[in-house]
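Close look at the chain arrangement
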Amino acid sequence: MTGQDEKFMRRAIELAQKGIDNNDGGPFGCVIVRNGEIVGEGNNKVTSTNDPTAHAEMVAIRNACKNLQTFQLDGCVIYTSCEPCPMCLGAIYWARPDRIFYACNKSDAAKIDFDDQFIYEEIERPIEERHIKTLSFLREEGLKVFENWANKSDKTEY
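Computed from a predicted model, the values in this text were never measured in an experiment. (Residues numbered from 1 in each chain as written. Predicted model: local features only at pLDDT ≥ 70, side-chain atom pairs only at ≥ 80, totals over all residues. Heavy atoms only, no water.)

Scanning the protein chain for helices and strands turns up seven helices and four strands. Going from N to C terminus, the protein chain has its helices and strands arranged as α-β-β-α-α-β-α-β-α-α-α. Judged by the C-alpha coordinates and their principal axes, the protein chain covers about 55 × 40 × 30 Å. A burial count over the protein chain gives 32% of its 158 residues as buried. Restricting the contact set of the protein chain to residue pairs at least 6 apart, pairs at least 24 apart contribute 50%. Total accessible area computed for the protein chain in this model is approximately 10,700 Å², and 53% of it derives from carbon and sulfur atoms. Of the side chains in the protein chain, 19 bear a positive and 26 a negative charge, and the two mean positions are spaced by 4 Å. (Helix = DSSP H or I, 4+ residues; strand = E, 2+ residues; numbered from the N terminus. Buried < 20%, exposed > 50% of the residue type's maximum accessible area, 1.4 Å probe, protein only. Contact = heavy atoms within 4.5 Å. Areas by Shrake-Rupley, 256 points an atom, 1.4 Å probe, with all protein chains shown as cover. Lys, Arg positive; Asp, Glu negative; His and termini not counted. Charge placed at Lys NZ, Arg CZ, Asp CG, Glu CD.)

So, in structure tokens, the structure goes:
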């Protein structure tokens, strides 16, 4: 780790505290950096926005993508105050940054009642055994749209 890494991680931790102080949501903050400059940041805003997807990483990714006018975060580094949950980790992989740094880990989060273990376990279960009933239907109609996408000549790949 460098002094720059420490600076950006401290900013992520500061954002986590700011979120607590403002009653925005849980104790999480995130900073996204490209070429040594912050291009996006956020803190958890789940309860203040009634949005279960408004985790710090999601807010920061949306902010960075808007600022960079792109849907990819190539060349970026994510600094987050806690190891990303499954949803945020999925979004991070879709955004394709170069690296992730985190302060607290998922065990630390579980100790203050932010335990995502049940989600990891659900992902491993066969669909028919998951706690939220999940059923597939109208697959043939859905596949037609996939075929249209596959054949579209002017699409933006991602």
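To continue, consider helix H3 (residues 56–68). An ideal rise of 1.5 Å per residue puts 18 Å on 13 residues; H3 measures up with 18 Å between its terminal C-alpha atoms. Among the residues making up H3, those that are buried are Ala56, Glu57, Met58, Val59, Ala60, Ile61, Ala64 and Cys65. Close packing links the buried residues of H3 with strand S1 (29–34), strand S2 (37–43), strand S3 (76–82) and helix H4 (86–95). Gln69, located one to two residues past H3, shows a positive phi value of around 55°. (Expected span 1.5 Å × (residues − 1).)

With that settled, the discussion passes to the sheet that holds S2. Spatially, the four strands line up as an open sheet ordered S2-S1-S3-S4, and their pairing is mixed. Every interior strand has two partners, whereas the edge strands, S2 and strand S4 (99–104), have only one. Adjacent strand axes in the sheet meet at a mean angle of 15°, parallel and antiparallel pairs treated alike. Here S1 runs beside S2; their pairing, made up of six bridges, is antiparallel. Within S2, the position partnered with Ile32 by the bridge is Gly40. Strands in contact with helix H1 (residues 3–21) are S1, S2, S3 and S4; relative to S1, the strand with the most contacts, it is inclined by about 145°. (Pairing = 2+ DSSP bridges. Axes fitted to C-alpha atoms, helices over the stretch in contact; angles between N-to-C directions.)

Following the sequence through the fold, Ser81 ends up in strand S3. Exposure remark for Ser81: the relative accessible area of 6% places this residue in the buried category. Ignoring anything within four residues of it in the chain, the contact list for Ser81 reads Ala12, Ile13, Ala16, Pro27, Phe28, Gly29, Ala103 and Cys104.

Attention now goes to the packing of aromatic side chains. Per the counting criterion, the structure on display carries four aromatic pairs. Taken together, a centroid distance of 5.4 Å and an interplanar angle of 45° make the contact between Phe8 and Tyr79 tilted. Of this pair, Phe8 sits in helix H1 while Tyr79 sits in strand S3, placing them 71 residues apart in sequence. Its relative accessible area of 3% is what places Phe8 among the buried residues. (Phe/Tyr/Trp six-rings, centres within 6.5 Å; stacked < 30°, edge-to-face > 60°.)

In terms of nonpolar packing, the biggest core is built from 20 residues, with Cys30, Ile32, Ile61 and Leu73 touching the most fellow members. Those elements that provide at least two residues to this core are S1, H3, S3 and H4. Among the elements that make up this core, the one with the highest residue count is H3 (six residues). Those residues in contact with Leu73 that sit more than four places away from it in its chain are Ile32, Arg34, Ile61, Ala64, Cys65, Leu68, Ala95, Arg96, Pro97 and Asp98. By size, the runner-up hydrophobic cluster in this structure holds nine residues, among which are Ala12, Leu15, Val31 and Val33. (Core = buried A, V, L, I, M, F, W, Y, C linked by side-chain atoms within 4.5 Å.)

Across all of its chains, the model carries six salt bridges by this definition. Measuring nitrogen to oxygen at the nearest pair gives 3.4 Å for the salt bridge that ties Glu6 to Arg10. You can see Glu6 and its partner Arg10 sitting in helix H1, four residues apart, about one turn around the helix. Taking relative accessible area as the criterion, Glu6 reaches 41% and is therefore assigned partly exposed. One salt bridge in this structure joins Lys152 and Asp154, with 2.8 Å as the shortest N-O distance. Put simply, Arg11, Glu14 and Glu41 are held in one network by salt bridges that share partners. (Salt bridge = Lys/Arg side-chain N within 4 Å of Asp/Glu carboxyl O.)

The values are spatial; any link to function lies outside them.
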